[in-house]
Each structure stands twice: as C-alpha cells, then as structure tokens.
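# Coordinate inspection notes
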Amino acid sequence: MKWKVVNPLNNELLESITEVIRKAELGLDSIDNYYDELAQGTCGTVYAINEELVLKANDLVYSLKDVNDHIVLESLQGLPFVPTLYAYTPDGKYLIIQRIKGLTLWELELNNNPYQFNYEELKQQLKKFVAGCLERGWIPNDLHAGNVMACPQGVYVVDYGYFRRCNNPARMSSYRRMSMECELDNLEEMLERVSKPSNCNSSHKKTVTVNFLTLSVLPQ
Ligand SMILES: Nc1ncnc2c1ncn2[C@@H]1O[C@H](COP(=O)(O)OP(=O)(O)OP(=O)(O)O)[C@@H](O)[C@H]1O
Ligand SMILES: [Mg+2]
C-alpha cells in the first residue's frame, strides 16, 4: 500500500496503520477493532488512531467522482482553520489527519459556548483562510456546522470534499461568488457563536464577506 506523506509521521505508526487497513481491505478484520469510530459522514468514516490523529476512510463510490479532499487539504496546508494532513493514499481513499479534539458546531448547542475565542482574531484567520483558498485555486464550499469543529486550540474546517476548483477567482461567475459569500456568511456566524459574548454584536456580521471584495485575488 502506497502513501503520499505530506507532513512527517512516525514510520512505525504508519506501518501499523497500513497493516490495519490491509487486513480490513482483505476482509480479515475490521478497522473498528483497532480504532474507535468517531463519526460517519456521507463520504466515509472517521476513526481515532490515537489522541493526535484520525484516519478518514472515504467511500470511493463518492470519492472517485466528486470528492477530492486529499488534494484540497494538501494544497491548503499551513492556512488557518486547516488541520494538518500527514499522509494519504493516492486514490484518496485513506487520509491520516490531525485529530481535532473538540466538537462540531452542530454538536455545540446553540447557547453553549465553552470556548470564548477572540472574535477579531478569528475574523483575521477567516480572511487569511479565504484569501489562501482562492490564491491556491479553491472555492470554499459545504461549510455547514457538521464540517466545522472547535477545540481549545481554535476553529477547524474538517471537510474539504466539496471545495470547488477555481483557476481564476477574478473570473468566477456571479452565481459562484454569491454562493461562496453565503457559505462564508454562515461560517462567520459560527465564529461569532464560539467567541466571547462581549465581542459579539450584530455590527460584526458579514464584515469578512463585505471586505472580501478587497481581497487581492479578486478584481477591485
Ligand atoms: N480531523 C478530525 N478530527 C476529529 N473529528 C473529525 C475530523 N474530521 C472529521 N471529523 C468528524 O467526522 C465527521 C465527518 O467528517 P467529514 O465531514 O470530513 O466526512 P464526510 O463523509 O465528508 O461528511 P459529509 O459528506 O457527510 O459532510 C465530522 O462531522 C466530525 O465529527
Ligand atoms: Mg462532512
């Protein structure tokens, strides 16, 4: 089994993960006998390898056609909100990713905010995230509350399966641009939910998407 290693990963650990997958692929054993299942999405299953890492096993029925989360995640490494990708199989079926030890914004109840992040800082991170995605050729998409997690270290977007390719953001259709702005408005509202109450009032709303027009990758 071949891996594309994106960030350094202990070799013995990688070998043991490979062995677990090999047995599962042969039908000799199942992955959940080794790793706890954390969640299931429409595209696959996420397992806890240990405290630091998850294994995302994609269902190739979806992956082959629509889902390219390994490619997107690799190209967005280093941006705020982007978990570290350690390795993936070139077919995109298995990914080893930083484990986010927290809750999805779906799991966080509407009025329960244990995190109390600084909203201004999150907004700066959001700007860098959006600009970085566009510069690297990707339109953020599918940013619903099940795809965004908060943990003590901050906020992470965990699902890149439906990000869209965009080679020239300046020539993005107005339909695409509007739907992206809608997605970003949602994300901004989620950031508000995990921020300190004193930093939240309605005047904060939609500043990123309004200012988004000033991002250098788009025409002024
Ligand atoms: N890096 C991670 N650390 C911890 N939990 C994660 C991580 N990535 C995903 N999860 C958990 O797994 C769930 C499903 O992950 P993800 O959204 O990536 O899968 P998916 O199959 O693409 O989902 P869907 O298409 O249904 O949105 C998330 O909602 C989250 O609970
Ligand atoms: Mg998802």
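Look above for the structure.
Our next topic: the packing of aromatic side chains. If you walk through the whole model with that rule in mind, you get four aromatic pairs. Plain terms: the ring middles of Y115 and F117 are 5.5 Å apart, the flat faces sit at 5° to each other, and that makes the pair stacked. The same class applies to Y115 as to F117, namely buried. Put simply, the rings of F81, F129, Y160 and F163 touch in pairs and so form one group of aromatic residues. Lying over the aromatic face of W138, R165 brings its terminal NZ or CZ to 4.5 Å of the ring centre.

Turning our eyes to something else, we now look at the pairing of strand 2 (residues 36–40). With four bridges connecting them, strand 2 and strand 3 (residues 44–48) associate as antiparallel partners. From the neighbouring strand, D36 faces strand 3, where its bridge partner is A48. The turn linking strand 2 back onto strand 3 is made up of three residues.

For the magnesium ion (ligand 2), the protein coordination sphere consists of N147 (OD1) and D159 (OD), at 2.1 to 2.2 Å. Of this pair, N147 sits in the loop between strand 8 (138–139) and strand 9 (148–151) while D159 sits in the loop between strand 10 (154–157) and strand 11 (164–165), and the two are twelve residues apart along the sequence. Relative accessible area serves as the criterion here: at 6%, N147 is assigned to the buried category. Owing to a relative accessible area of 16%, D159 belongs among the buried residues under this scheme.

Now for helix 1 (residues 11–25). For helix 1, built from 15 residues, the straight-helix expectation of 21 Å at 1.5 Å per residue is met to within 8% by its first-to-last C-alpha distance of 21 Å. Buried residues of helix 1: L14, I17, T18, V20 and I21, and no others. Down the axis of helix 1, the sector holding all buried residues measures 160°, keeping them to one side. Turned more than 90 degrees from where helix 1 packs its buried face, E12 and E15 sit exposed. Its buried side turned inward, helix 1 meets strand 1 (4–5), strand 4 (53–58) and strand 6 (94–98).

Another point: the layout of surface pockets. Put simply, the largest pocket is a space of about 730 Å³. Along its surface, the largest pocket is lined by 29 residues, and A39, V46, T104, G146 and V158 are the ones closest to its centre. Grouping the constituent residues of the lining of the largest pocket by class yields twelve nonpolar, eleven polar and six charged.

This paragraph deals with the sheet that holds strand 10. Strand order in the open sheet formed by three strands is 7-9-10, and the pairing between neighbours is antiparallel. Every interior strand has two partners, whereas the edge strands, strand 7 (103–104) and strand 10, have only one. Summarising the sheet, strand 9 and strand 10 pair through four bridges and their orientation is antiparallel. Across the sheet, residue V148 finds its bridge partner in strand 10, namely V157.

Around ligand 1, the structure places 18 residues, and the nearest of them are T42, C43, K56, G146 and D159. Here an oxygen atom of ligand 1 sits 2.7 Å away from a polar atom, N or O, in the side chain of T42. Look at ligand 1: alone it shows 620 Å² of surface, and the protein chains cover 89% of it. When atoms are counted within 2 Å of each cavity's grid points, the one that captures over half of ligand 1 is the largest pocket. Going through the elements one at a time, strand 3 and strand 4 are the ones with two or more residues in the shell around ligand 1. In the shell around ligand 1, the residues fall into seven nonpolar, eight polar and three charged. For the shell around ligand 1, the two domains that each supply at least three residues are domain 1 (4–98) and domain 2 (103–214).

This part is about the packing of helix 4 (residues 119–135) against helix 5 (residues 174–193). Running from N to C, helix 4 and helix 5 point in directions that differ by 155°, and their axes come no closer than 10 Å. What the angle tells us is that helix 4 and helix 5 run roughly antiparallel. Two packed elements cross with a definite hand, and for helix 4 against helix 5 that hand is right-handed. In this structure, helix 4 contributes Y119, L122, K123, L126, F129, V130 and L134 to the contact, and helix 5 contributes M180, L184, L187, E188, L191 and E192.

How each quantity is defined
Residues numbered from 1 in each chain as written. Chains lettered and ligands numbered in written order. Predicted model: local features only at pLDDT ≥ 70, side-chain atom pairs only at ≥ 80, totals over all residues. Heavy atoms only, no water. Phe/Tyr/Trp six-rings, centres within 6.5 Å; stacked < 30°, edge-to-face > 60°. Buried < 20%, exposed > 50% of the residue type's maximum accessible area, 1.4 Å probe, protein only. Lys NZ or Arg CZ within 6 Å of the ring centre and 35° of its normal. Pairing = 2+ DSSP bridges. Helix = DSSP H or I, 4+ residues; strand = E, 2+ residues; numbered from the N terminus. Donors = N, O, S within 2.8 Å, 3.2 Å for Na, K, Ca; no water. Expected span 1.5 Å × (residues − 1). Arc of directions from axis to C-beta. Contact = heavy atoms within 4.5 Å. 1 Å grid on protein atoms, 1.4 Å probe; cavity = no way out; pocket = protein on both sides within 12 Å on 5 of 7 lines; lining within 4 Å. Points joined across faces, edges and corners; volume = space filled by probe spheres on them. Nonpolar A, V, L, I, M, F, W, Y, C, P; charged D, E, K, R; others polar. Near = heavy atom within 4 Å. Polar contact = N/O pair within 3.5 Å; in protein donor to acceptor, adjacent residues only side chain to side chain. Areas by Shrake-Rupley, 256 points an atom, 1.4 Å probe, with all protein chains shown as cover. Sits in = over half its atoms within 2 Å of the grid points. Domains from an automatic or database assignment. Axes fitted to C-alpha atoms, helices over the stretch in contact; angles between N-to-C directions. Parallel < 35°, antiparallel > 145°, perpendicular 65-115°, else oblique. Left-handed = near helix turned anticlockwise from the far one by under 90°.

By themselves these figures say nothing about function.
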